[in-house]
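Commentary on secondary and tertiary structure
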Amino acid sequence: MPLAAVARVARHRVERSTDAGRTISRRSIRPRRPRRGRTAVVVESSKDHRRSSKTSPDDASRRDGARKTSSVYPEDVSDAFDRAVSEEGRRSIVEVTNVDELRERARAERKQLAATELALAAAVLARKQESFDSMDEFCSYGYIASVKGVYIDVSRNEVPKGFAQTASENFAREMREMVAFIDPDLDESDGRTTMPKELRVKLEALRLDSDAIWEREKNRPEVPAPWLLKAPYLALCFMLDKLFDETKPVQRFWFLETVARMPYYSYTAALTFYEILGWYRGGAELRKIHFAEEWNEYHHLLIMESLGGDVSWRDRFLGQHAALVYYGVLILLWFMSPALAYNFSELIEAHAVDTYAQFVDQNAELLKTMPAPRIAVEYYEGADLYLFDEFQTAREVRTRRPRIRTLYDVFSNIRDDEGEHVSTMNACQKEDAAVSSPNSVNAKTAAISALITAQYVFTRFAEIRGGLGGELLDDLLVDDAILDDANAGILDAILRAVDALFL
Ligand SMILES: [Fe+2]
Ligand SMILES: [Fe+2]
C-alpha cells in the first residue's frame, strides 16, 4: 500500500505542481540525477513514460537540435528535465524567470566561488609548507613505491605485463638488491636518502618495546582459541620479535601488514571456490566485507612503504614469501573449518592492536611532530569512504571519520582499524550470526524507516480525510498546502529512498 501510494503521490505532484497559474515548487523542477542503469527520474510514472516515449520524430529532432545549440547541460539532465516537466510547466518557468538575470547572477557567484577556492588553496599550501616540508616527497621512500608507484600516482597506473615478463623483471631487480644486501661494499637502493634529514632522524628514533606488547596482551581479556591455533600464533609472534628489534618498528609493521592481507585474500578465494562449484551463495556479502578489510590492510601497508618499511631486501624477501605460505595455509584451514580460520585471524588482529597501541603510546610526542603520509590522508579523508565504512561491521556507517594531521593520527587510526578487524573476525566465528555489510544494513534501515514514515504519513492523511467529511484521499495528497507545510520533505525523502532501493 505505501509504495503504490508513493507512486501515486509522485505522479500527481508532478502534474499538479507544473499546472499553469500555480506556484512552481523548486523540487518539482529540479531534475534528479539518474542512477547508473536505473530509471532516470524518480517521479516519472508509467503514464509519463508512455507519454514521453510517444513523442513524435519532430519533437525528438527539435529537442536534439536544442541540445546541439546548447551544450550547457548534459543530455541525461536534459532528458530528465524533459520527462519530469510538462510543456505547460516549462512555459510557466519561462514566465516567472529572467534568464539573463539568472545567468548574470550565476556568473558573479561562480567568480566569487573561484576567488574563495583560490584563497583556500593558498591557505592550505602555506600551512602545509609552514608545518611540514614537502609532504608529497614524504610519500615515496619505500622501495616498492619508488620502483612501482602506488595507485594515487596516476601516471604510474597501467595494465600489468604478462606473468613471465613481470616475474623476470622483478627477479632481475631484486637480484641486484640481494647482491647489494650480501656485499657490504655495495648499498641497497634506499628511497630514504631523499628524505629531509630532520624527518629521517625522527623516524630512526622511533622505538617499539616487544616486552611491553606481551605485557599488554597479558592484561587484556584473552582471545579464546585451541592450542592448534595458539601454537603457530605464538611462534609467529616470537619470530616477529626476533626478526625486528626495537629500533625497527616501521619494518616490523611492514612485515605484519604484508601478511595481514593474506587472510582476506584467502577467505575471498575460498568463498569464490564454493560459489564456482555452486555449493554456497550466502557468502556474497561476506566477500564484500573481506575485500573492504583487505583494502584497509593494503593501505596500512602503503603507509608503511611510504615510511620506508620495505627498503631492505631481506624484509621484502621474508615478508613476501611468508605471505605466500600464509595464504595457502589459510585457504586449507578455512576449508577445514571457517570458524578456525577466523579464530586464527582474531588472534593475529588482537596482537596487531597491542602492537600499534604500544607503539603509539611509546612514541606519542615524537609522532605528533611528524607529518602524515599523503596516502594516509587520501585513505582516511578521501571523498569516497564507502570501503572504509564497509569493513567496520561492528559500527554504523559514517560514525567514524578520522582527521589525519600527523603521524600520531595515522598510527592511532591504524590501531583502531585493527580493533575493528578483531570484532569482525570474532563475529565471523558465530554460526548463527549473519555478518552484514554496514552499508547494506544502512540502506535497508533507511528503507524500513522510509516505509514506516510513509505509513505514518498516509495514516495521518486518512485521519484528515475523515475529518473533512470523506473527500478523496488523492485530492488531499496532492494539495500543495499540505505538501509544502509539513510533508513534502518527508515525501521527497521517501521517493529518493524508494528510487535507490526498489527501482
Ligand atoms: Fe593492518
Ligand atoms: Fe588487521
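Residues numbered from 1 in each chain as written. Chains lettered and ligands numbered in written order. Predicted model: local features only at pLDDT ≥ 70, side-chain atom pairs only at ≥ 80, totals over all residues. Heavy atoms only, no water.

By the naming in an unreviewed UniProt entry, the chain is Ubiquinol oxidase, taken from Ostreococcus tauri. Its UniProt record, at the heading Subcellular location (unreviewed entry), says of the chain: "Membrane". According to the UniProt record, the Sequence similarities (unreviewed entry) comment for the chain is "Belongs to the alternative oxidase family." (UniProt positions renumbered as here; feature names shortened; annotations may be inferred.)

What follows covers the overall build of the chain. When helices and strands are tallied, the chain shows 24 helices and zero strands. Per-residue burial for the chain yields a buried fraction of 41% across its 503 residues. Accessible surface, the chain as shown: approximately 27,900 Å² in total, 57% of it carbon and sulfur. (Helix = DSSP H or I, 4+ residues; strand = E, 2+ residues; numbered from the N terminus. Buried < 20%, exposed > 50% of the residue type's maximum accessible area, 1.4 Å probe, protein only. Areas by Shrake-Rupley, 256 points an atom, 1.4 Å probe, with all protein chains shown as cover.)

Inspection of the entire model under this criterion finds 25 salt bridges. Between Arg 103 and Asp 100 there is a salt bridge whose closest N-O contact spans 3.8 Å. Placement of the pair is Arg 103 and Asp 100 together in helix H7 (residues 99-131), with a separation of three residues, close to one helical turn. Its relative accessible area of 57% is what places Asp 100 among the exposed residues. Linking Arg 316 and Glu 177 is a salt bridge whose minimum nitrogen-to-oxygen distance equals 3.9 Å. Separated by 139 residues along the polypeptide, Arg 316 in helix H16 (residues 313-336) and Glu 177 in helix H9 (residues 163-182) bring together distant segments of the chain. Each of the two residues, Arg 316 as well as Glu 177, counts as buried. Several salt bridges converge on common partners, so that one network encompasses Glu 174, Glu 177 and Arg 316. (Salt bridge = Lys/Arg side-chain N within 4 Å of Asp/Glu carboxyl O.)

Let us look at the coordination of the iron ion (ligand 2). Bound to the iron ion (ligand 2) on the protein side are Glu 297 (OE), Glu 349 (OE), Glu 349 (OE), Glu 418 (OE) and His 421 (ND1), at distances that span 1.9 to 2.7 Å. Here the donor residues for the iron ion (ligand 2) map to a single chain with the spacing E-x51-E-x68-E-x2-H. Between the iron ion (ligand 2) and the iron ion (ligand 1), a spacing of 3.6 Å is present, and a bridge between the two is formed by Glu 297. Here the residue Glu 297 occupies a position in helix H15 (residues 284-306), and Glu 418 occupies one in helix H21 (residues 407-428), the gap between them amounting to 121 residues. Just as Glu 297 is buried, Glu 418 falls in that class too. (Donors = N, O, S within 2.8 Å, 3.2 Å for Na, K, Ca; no water.)

This brings us to helix H14 (residues 262-276). Between the first and last C-alpha of H14 there are 21 Å, a value that for 15 residues agrees with the 21 Å anticipated at 1.5 Å per step. All of the buried residues along H14 are Met 262, Pro 263, Tyr 264, Ser 266, Tyr 267, Ala 270, Leu 271 and Tyr 274. Elements that come into contact with the buried residues of H14 comprise helix H13 (249-260), H15, H16, helix H17 (338-362) and H21. (Expected span 1.5 Å × (residues − 1). Contact = heavy atoms within 4.5 Å.)

Now for the coordination of the iron ion (ligand 1). Ideal geometry at a metal gives 109.5 degrees between four tetrahedral donors and either 90 or 180 degrees between six octahedral ones. Bound to the iron ion (ligand 1) on the protein side are Glu 257 (OE), Glu 257 (OE), Glu 297 (OE), His 300 (ND1) and Glu 418 (OE), at distances that span 2.0 to 2.4 Å. Within one chain, the residues donating to the iron ion (ligand 1) are spaced in sequence as E-x39-E-x2-H-x117-E.

Attention now moves to the nonpolar core. Core analysis: the largest hydrophobic core is formed by 71 residues, its most contacted members being Ile 303, Met 304, Phe 344 and Phe 411. It is H17 that provides the largest number of residues to this core, a total of eleven residues. Dropping the residues within four chain positions of it, Phe 411 is found in contact with Phe 253, Met 304, Leu 307, Tyr 356, Phe 359, Val 360 and Leu 367. (Core = buried A, V, L, I, M, F, W, Y, C linked by side-chain atoms within 4.5 Å.)

A word on the environment of Leu 340. Looking at where Leu 340 falls in the secondary structure, it is placed in helix H17. For Leu 340, a relative accessible area of 19% puts it in the buried group. C-alpha of Leu 340 to C-alpha of Pro 226: the two residues are 114 residues apart in sequence and 8.8 Å apart in space. Excluding anything up to four places from it in sequence, Leu 340 contacts Pro 226, Leu 228, Leu 229 and Leu 333.

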